[in-house]
Amino acid sequence: MASTLSDRLSRLVKQMRGQARITENNVQDMLREVRMALLEADVALPVVRDFIARVKERALGQEVVGSLSPGQALVGVVHKELAATMGEGVSDLNLAAQPPAVILMAGLQGAGKTTTTAKLARHLIQSRKKKVLTVSADVYRPAAIEQLKTVTKAAGAEWFPSQPSDKPLDIARAALDHARRHYFDVLIVDTAGRLAIDEALMAEIRELHATLKPVETLFVVDAMQGQDAINTAKAFKDALPLTGIVLTKLDGDSRGGAALSVRTVTGAPIKFAGVSEKIDGLEVFDAQRHAGRVLG
Ligand code: GDP
């Protein structure tokens, strides 16, 4: 079992007990421990490097060197930087649009887009009393449309029918029109994913974005993707103006370091976490709590 960041830092604080001031060696030791802990939590290497550079700058600054409680001061620097990187507290969905507010779901196949579409619909119905419509623009995976129908029903939302023979843009326009005419507050559009980044797919989702003008464009990413999450996140960030992230499968055995990677690369807040396969397995993401949980 790998040591958590807290374990590693408390060992360091113990070693430094009785020491009057922090030395540069102490800072180097601390940076090494932080680096190991982040890598063990599956944070992507470039993200770890950036993070370490920022911690180093703070630690070598006046706030720590020469401090009266050197060990604690170093730990404080790490925690502060972690909090700054993960973002503040919670960040809810933005629905400030002429109804229907459109939410566009983006991500690789298997990331959890369809499941999350229904979970979000349920969340909006229960917590914000919204009238929600879902639609699938995934015309490539034969079962995708039926899957969305089933989970939307379980969520208590309404589902707009589409056919594998339809064009994704036509589906989007028809669903938007239906949502307008029937006074839906929110339209959630599930999209096709591939197993890997694919240019044709990116072009398609860009077109969907231009047509739908969503108020939220959510990037859905599997926490179990670990180090690979950074490449996926980069590709989606370059293709679309992401407004938020949903980190799925946090109930799996990953250390959740993907949160730090994806957040750093996209600059977008993580808004929700998927914590089970069930329809109620979605939590509003609390960045500070997650930092504590992942890195111990
Ligand atoms: P899509 O291809 O992106 O639409 O992905 P799906 O919504 O079909 O999800 C792929 C698989 O991941 C399904 O078996 C889901 O039940 C599962 N899944 C999605 N979100 C979660 C989650 O938060 N936790 C767990 N354990 N499984 C999830």
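All values reported here derive from a predicted model rather than from experimental measurement.

### Regarding the UniProt feature "domain: SRP54-type proteins GTP-binding" (unreviewed entry) in the protein
And step 1. Under the UniProt annotation, "domain: SRP54-type proteins GTP-binding" (unreviewed entry) lies at residues 269–282.
And step 2. The span residues 269–282 carries 0% helix and 43% strand; its end-to-end C-alpha distance comes to 16 Å.

### Considerations on the site of the ligand
And step 1. Neighbouring the ligand are 17 residues; G110, K113, T114, T115 and D251 lie closest to it.
And step 2. Take T115: an N or O atom from its side chain is 2.5 Å from an oxygen atom of the ligand.
And step 3. Between the ligand and K119, the relevant distance is 3.4 Å, taken from an oxygen atom to a side-chain nitrogen or oxygen of the residue.
And step 4. For the ligand, the accessible surface in isolation is 580 Å², of which the surrounding protein chains cover 81%.
And step 5. The pocket occupied by the ligand, as judged from atoms lying within 2 Å of grid points, is the largest pocket.
And step 6. Its residues assigned to classes, the shell around the ligand comprises 3 nonpolar, 8 polar and 6 charged.

### Side note on the layout of surface pockets
And step 1. Of the pockets and cavities examined, the largest pocket occupies roughly 310 Å³.
And step 2. As for the largest pocket, its lining consists of 19 residues, of which G110, G112, K113, T115 and K249 are closest to the centre.
And step 3. By residue class, the composition of the lining of the largest pocket is no nonpolar, 12 polar and 7 charged.
And step 4. In this model, the second largest pocket occupies a volume close to 160 Å³.

### Description of the pattern of salt bridges
And step 1. Per the stated rule, a full pass over the model turns up 13 salt bridges.
And step 2. With a shortest N-O distance of 2.7 Å, D198 and R194 are connected by a salt bridge.
And step 3. Exposure remark for D198: the relative accessible area of 22% places this residue in the partly exposed category.
And step 4. In this structure R194 comes out as partly exposed when scored by relative accessible area, which is 23%.
And step 5. In this structure, a network of salt bridges that share partners links the residues R8, E33 and E40.

### Some words on the packing of aromatic side chains
The relative placement of two aromatic rings is captured by the distance of their centres and the angle of their planes.
And step 1. Considering all chains together, one arrives at 1 aromatic pair under this definition.
And step 2. Residue placement shows K131 over the ring face of F184; its charged tip is 4.6 Å from the ring centre.
And step 3. One Lys or Arg, R194, reaches over the ring of Y140 and ends 4.9 Å from the middle of that ring.

### Some thoughts on unusual backbone geometry
And step 1. The step from P99 to P100 runs through a cis peptide bond, and the omega angle for that step is 0°.
And step 2. Looking at where P100 falls in the secondary structure, it is placed in the loop between helix 4 (70–86) and strand 1 (101–106).
And step 3. In this structure, D42 is a non-glycine residue whose phi angle is positive, near 75°.
And step 4. Mapping D42 onto the fold places it in the loop between helix 2 (24–40) and helix 3 (45–60).
And step 5. Positioned with a positive phi, Y183 is a non-glycine residue whose angle comes to about 55°.
And step 6. Along the chain, Y183 turns up in the loop between helix 7 (168–181) and strand 4 (186–190).

### A few points about helix 7
And step 1. When the terminal C-alpha atoms of helix 7 are compared, their 20 Å separation across 14 residues agrees well with the 20 Å that a helix rising 1.5 Å per residue should span.
And step 2. Taken as a whole, helix 7 has its buried residues at P168, L169, I171, A172, A175, L176 and A179. Considered in projection along helix 7, the buried side chains sweep an arc of 155° and stay on one side of the axis.
And step 3. Packed against the buried residues of helix 7 are strand 1, strand 2 (132–136), strand 3 (158–160), strand 4 and helix 8 (199–212).
And step 4. A positive backbone phi angle near 55° is found at Y183, which sits one or two residues after helix 7.

### Structural notes on the sheet that holds strand 8 (residues 282–284)
And step 1. A sheet is described by the order of its strands in space; here 8 strands give the open sequence 3-2-4-1-5-6-7-8, paired in mixed fashion. Edge positions in the sheet fall to strand 3 and strand 8, since each of these pairs with one other strand and no more. Taken over all neighbouring pairs, the strand axes of this sheet differ in orientation by 25° on average, direction set aside.
And step 2. Summarising the sheet, strand 7 (residues 270–274) and strand 8 pair through 3 bridges and their orientation is antiparallel.

### Here's the deal with the environment of A291
And step 1. Structurally, the position occupied by A291 is in helix 11 (residues 287–295).
And step 2. Taking the C-alpha atoms as reference points, A291 and D7, 284 residues apart in sequence, are found 15 Å from one another.

### Observations regarding the side chain of R263
And step 1. Turning to its location among the elements, R263 is positioned in helix 10 (residues 258–266).
And step 2. Looking at R263, its side chain comes within polar contact range of the main-chain oxygen of A268, at 3.1 Å.
And step 3. Excluding residues within four positions of it along the chain, R263 makes contact with T85, M86, G87, I245, A268, P269 and I270.

Conventions used here
- The residue numbers shown here count from 1 along each chain, following its written sequence.
- Reporting of local features is limited, given that this is a predicted model, to residues whose pLDDT is at least 70; pairs of side-chain atoms are given and counted only at 80 or more, and all residues count toward the totals for whole chains, interfaces and linings.
- Here the side-chain values reflect all heavy atoms present in the structure, with hydrogen atoms and water set aside.
- UniProt positions are given in the numbering used here, feature names are shortened, and annotations may be inferred rather than shown by experiment.
- Where helices and strands are cited, they refer to DSSP runs of H or I of at least four residues and of E of at least two residues respectively, numbered from the N terminus.
- Think of it this way: one heavy atom of a residue within 4 Å of a molecule or strand is enough to make that residue near it.
- Pairing of N or O atoms within 3.5 Å defines a polar contact, subject to two protein rules: one partner must be a possible hydrogen donor and the other a possible acceptor, and residues neighboring in sequence count only if both atoms are side-chain atoms.
- Here the Shrake-Rupley method, with its probe set to 1.4 Å, supplies the accessible areas, and only the displayed protein chains count as covering residues.
- The distinction between a cavity and a pocket rests on a 1 Å grid over the protein atoms alone: a 1.4 Å probe fits inside a cavity but cannot get out, while a pocket stays open yet meets protein on both sides within 12 Å along at least five of seven lines, and a residue with an atom within 4 Å of a point counts as lining.
- What decides whether a molecule sits in a cavity or pocket is whether more than half of its atoms lie within 2 Å of the grid points.
- For this classification, Asp, Glu, Lys and Arg are treated as charged, while Ala, Val, Leu, Ile, Met, Phe, Trp, Tyr, Cys and Pro are nonpolar and the rest, including Gly, are polar.
- Grid points are joined across faces, edges and corners, and a volume is the space filled by probe spheres set on the points.
- Any carboxyl oxygen of Asp or Glu that lies within 4 Å of a side-chain nitrogen of Lys or Arg is treated as forming a salt bridge with it.
- Residue exposure (1.4 Å probe, protein chains only): buried if accessible area is under 20% of the type maximum, exposed if over 50%, otherwise partly exposed.
- Only the six-membered ring of Trp is used, alongside the rings of Phe and Tyr, when aromatic pairs are assigned; centres must lie within 6.5 Å, and planes under 30 degrees apart are stacked while those over 60 apart are edge-to-face, with the rest tilted.
- Each ring is checked for a lysine NZ or an arginine CZ that lies within 6 Å of its centre and within 35 degrees of its normal; such an atom marks a charge sitting over the ring.
- The span one expects for a helix is its residue count, reduced by one, times 1.5 Å.
- Summarising the geometry, the arc corresponds to the directions from the helix axis toward the C-beta atoms.
- Residue contacts follow a heavy-atom distance rule, with two residues in contact if any of their heavy atoms lie within 4.5 Å.
- Two strands are said to pair when DSSP picks up at least two bridges between them.
- Between N-to-C directions, angles cover 0 to 180 degrees, with each direction set by a line fitted to C-alpha atoms, over the stretch in contact for helices.

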